[in-house]
Amino acid sequence: MPYRRTTLSKFIIEDQRRAAAPEPELTSLLNDIQTACKLIAVAASRGGIAVPGDTRAPAVETAVNVQGEQQKPLDVIANDIMIGTCEWGGQLAGMVSEEMEQPYEIPAVYPRGRYLLVFDPLDGSSNIDVNMPVGTIFSVLRCPEGVTAPGLEHFLQPGTAQVAAGYAIYGPTAMLVLTLGAGVHGFTLDPEIGAFTLTHPDMAIPPDSHEFAVNVSNERFWEPPVRRYVDECVEGTAGVRGVDFNMRWIASMVAEVHRILVRGGLFMYPRDAKDPSKPGRLRLMYEANPMAMIVEQAGGAASTGRGRILELAPAEIHQRVPVILGSRSEVERLVRYHAEYDAGEDAPFKTPLFNARSLFRTA
Ligand code: AHG
Ligand code: MN
Ligand code: MN
């Protein structure tokens, strides 16, 4: 047993020790977040078995959340765990969660701190019943100077303002992947000692890849540049790409991003016309922004198709955005397809009969 291995706790302390302006509260906050992720990992791993001592577990109250989605018991349990584990330490001024319509106020009994925590307590909820990977996504922002009771507007910061971002994945092993703005590092939970242990230092996304992930059942709602990209991938060696592609869809953004960090690829939930009131499926503040920071820090790219995700100015805490992220050259290609489409330059033939906007093109 290597006693000198790097646990996540040790990694965070050493990182802060190297920092020009160390922030001890950030160390404590990240420790509370990792504790929350371990508790959620245990709850997820027990599946239908009640958590010992938790008399509430068999009958957790669920509702339709602010997204209009039916909560699963584990959504509610994971949300309670994040709040209960992170509210007491005095590092936070407030929290925003996918599962709560309004920001969560830190109870008056606890001191208030200088950070804001924004999270998706359980990502990929539809995977719970079928024993597939789920995860937790988090983003740490600074509370503006002098603000002790943050309102909605104080959370509405662009992704470039994130101090830290990460996710935990609860799969065959539980892992926590973290960026503090200088690279991305992966830690695997050692169940024997209950510690996340550095196993994937300096994760780097290969710039090229021949694997894509998208929910193809939405194809008829996609914009032409997205169709063009996917059509070309599917054509494989017979098409303009000249190479066969592979496709994956796990229905958990955490699991898709994790795969991309390990072996590259492109993941997207693009803009679609399924529900015109929603510009995308994924939420900017607690899904797109933290994942975009992680992906960029690992050398990849993250775009809406028409702009860098991290530079968007959020208008609402539960705002949705189109998301295209992963291997840099693939993301750049799809961004170019959007630009060519917007400029009317993507037509294979310069005739209105056969180009992408033609009446003769199906759907
Ligand atoms: P959540 O479970 O937090 O609502 O997020 C699920 C998200 C994301 O993780 C995944 O990529 C996508 O929704 C799956 O969407 P489909 O149901 O269209 O497959
Ligand atoms: Mn999610
Ligand atoms: Mn969720």
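Novice: How would you explain the pattern of salt bridges if you had to name every residue and give the values?
Specialist: It is possible for side chains of opposite charge to pair when their charged atoms get near one another. The full count for this structure, using the stated rule, is 23 salt bridges. Put simply, Arg 259 and Glu 211 hold a salt bridge, and the shortest N to O gap is 3.6 Å. One end of the pair, Arg 259, is in helix 6 (residues 253–263); the other, Glu 211, is in strand 9 (residues 211–213), and 48 residues separate them in sequence. Relative accessible area serves as the criterion here: at 11%, Arg 259 is assigned to the buried category. In this structure, Glu 287 engages Arg 283 in a salt bridge whose closest nitrogen and oxygen atoms are separated by 2.8 Å. We classify Arg 283 as buried; its relative accessible area is 3%. Within the structure, one salt-bridge network assembled from shared partners comprises Glu 69, Glu 98, Arg 281, Arg 283 and Glu 287.

Novice: Can you explain the sheet that holds strand 7 (residues 184–190)? Please cite residues and give values.
Specialist: Pairing is mixed across the open sheet formed by eight strands, whose spatial order is 2-1-3-4-5-6-7-8. Unpaired on one side and paired on the other, strand 2 (104–105) and strand 8 (195–200) mark the two borders of the sheet. Two strands pair when backbone bridges link them, and strand 1 (residues 92–97) and strand 3 (residues 115–123) are joined in this way by five bridges, in the parallel orientation. Bridging from a neighbouring strand, Val 96 pairs with Val 118 of strand 3. Where helix 6 meets the sheet, it contacts strand 3, strand 4 (134–142), strand 5 (164–170), strand 6 (174–179) and strand 7, and its direction lies at approximately 105° from that of strand 5.

Novice: Run through the packing of helix 6 against helix 7 (residues 284–297), naming residues and quoting values.
Specialist: In helix packing, the relevant descriptors are the interaxial angle and the interaxial distance, both defined with respect to the helix axes. Closest axis-to-axis distance for the helix 6/helix 7 pair is 11 Å, and the angle between their directions is 10°. Taken together, helix 6 and helix 7 sit at an angle that is classed as roughly parallel. Residue-level inspection shows Met 253, Val 254, Val 257 and Leu 261 of helix 6 in contact with helix 7, the latter providing Glu 287, Ala 288, Met 291, Ile 294 and Val 295. The residue inventory of the contact of helix 6 with helix 7, partitioned by class, reads eight nonpolar, no polar and one charged.

Novice: Tell me about the domain arrangement of the protein, and please be specific about residues and values.
Specialist: Often, the extent of an interface is quoted as the loss of accessible area upon association of its parts. Taken domain by domain, the protein holds domain 1 (2–200) and domain 2 (211–342). Relative to domain 2, the C-alpha centre of domain 1 lies at a distance of 24 Å. In this assembly, 49 residues from domain 1 lie in contact with 31 residues from domain 2. In total, domain 1 and domain 2 occlude about 2,800 Å² of area from one another, counting both sides; carbon and sulfur atoms represent 66% of this. When the area that domain 1 buries against domain 2 is broken down by residue, the three leading residues are Gln 67, Leu 156 and Tyr 167, summing to 20%. Our count for the domain 1 to domain 2 interface comes out at three salt bridges. Residue Glu 69 pairs with Arg 283 through a salt bridge whose shortest N-O separation is 3.7 Å. Counting across the interface, domain 1 meets domain 2 through 17 residue pairs in polar contact (both at pLDDT 80 or more). Mapped by element, the contributors of at least two residues to the side of domain 1 that touches domain 2 are strand 1, strand 3, strand 4, helix 4 (152–155), strand 5 and strand 6. Per-element accounting of the side of domain 1 that touches domain 2 gives the leading share, seven residues, to strand 4.

Calculation criteria
Residues numbered from 1 in each chain as written. Chains lettered and ligands numbered in written order. Predicted model: local features only at pLDDT ≥ 70, side-chain atom pairs only at ≥ 80, totals over all residues. Heavy atoms only, no water. Salt bridge = Lys/Arg side-chain N within 4 Å of Asp/Glu carboxyl O. Helix = DSSP H or I, 4+ residues; strand = E, 2+ residues; numbered from the N terminus. Buried < 20%, exposed > 50% of the residue type's maximum accessible area, 1.4 Å probe, protein only. Pairing = 2+ DSSP bridges. Contact = heavy atoms within 4.5 Å. Axes fitted to C-alpha atoms, helices over the stretch in contact; angles between N-to-C directions. Parallel < 35°, antiparallel > 145°, perpendicular 65-115°, else oblique. Nonpolar A, V, L, I, M, F, W, Y, C, P; charged D, E, K, R; others polar. Domains from an automatic or database assignment. Buried area = accessible area lost by both parts, 1.4 Å probe. Polar contact = N/O pair within 3.5 Å; in protein donor to acceptor, adjacent residues only side chain to side chain.

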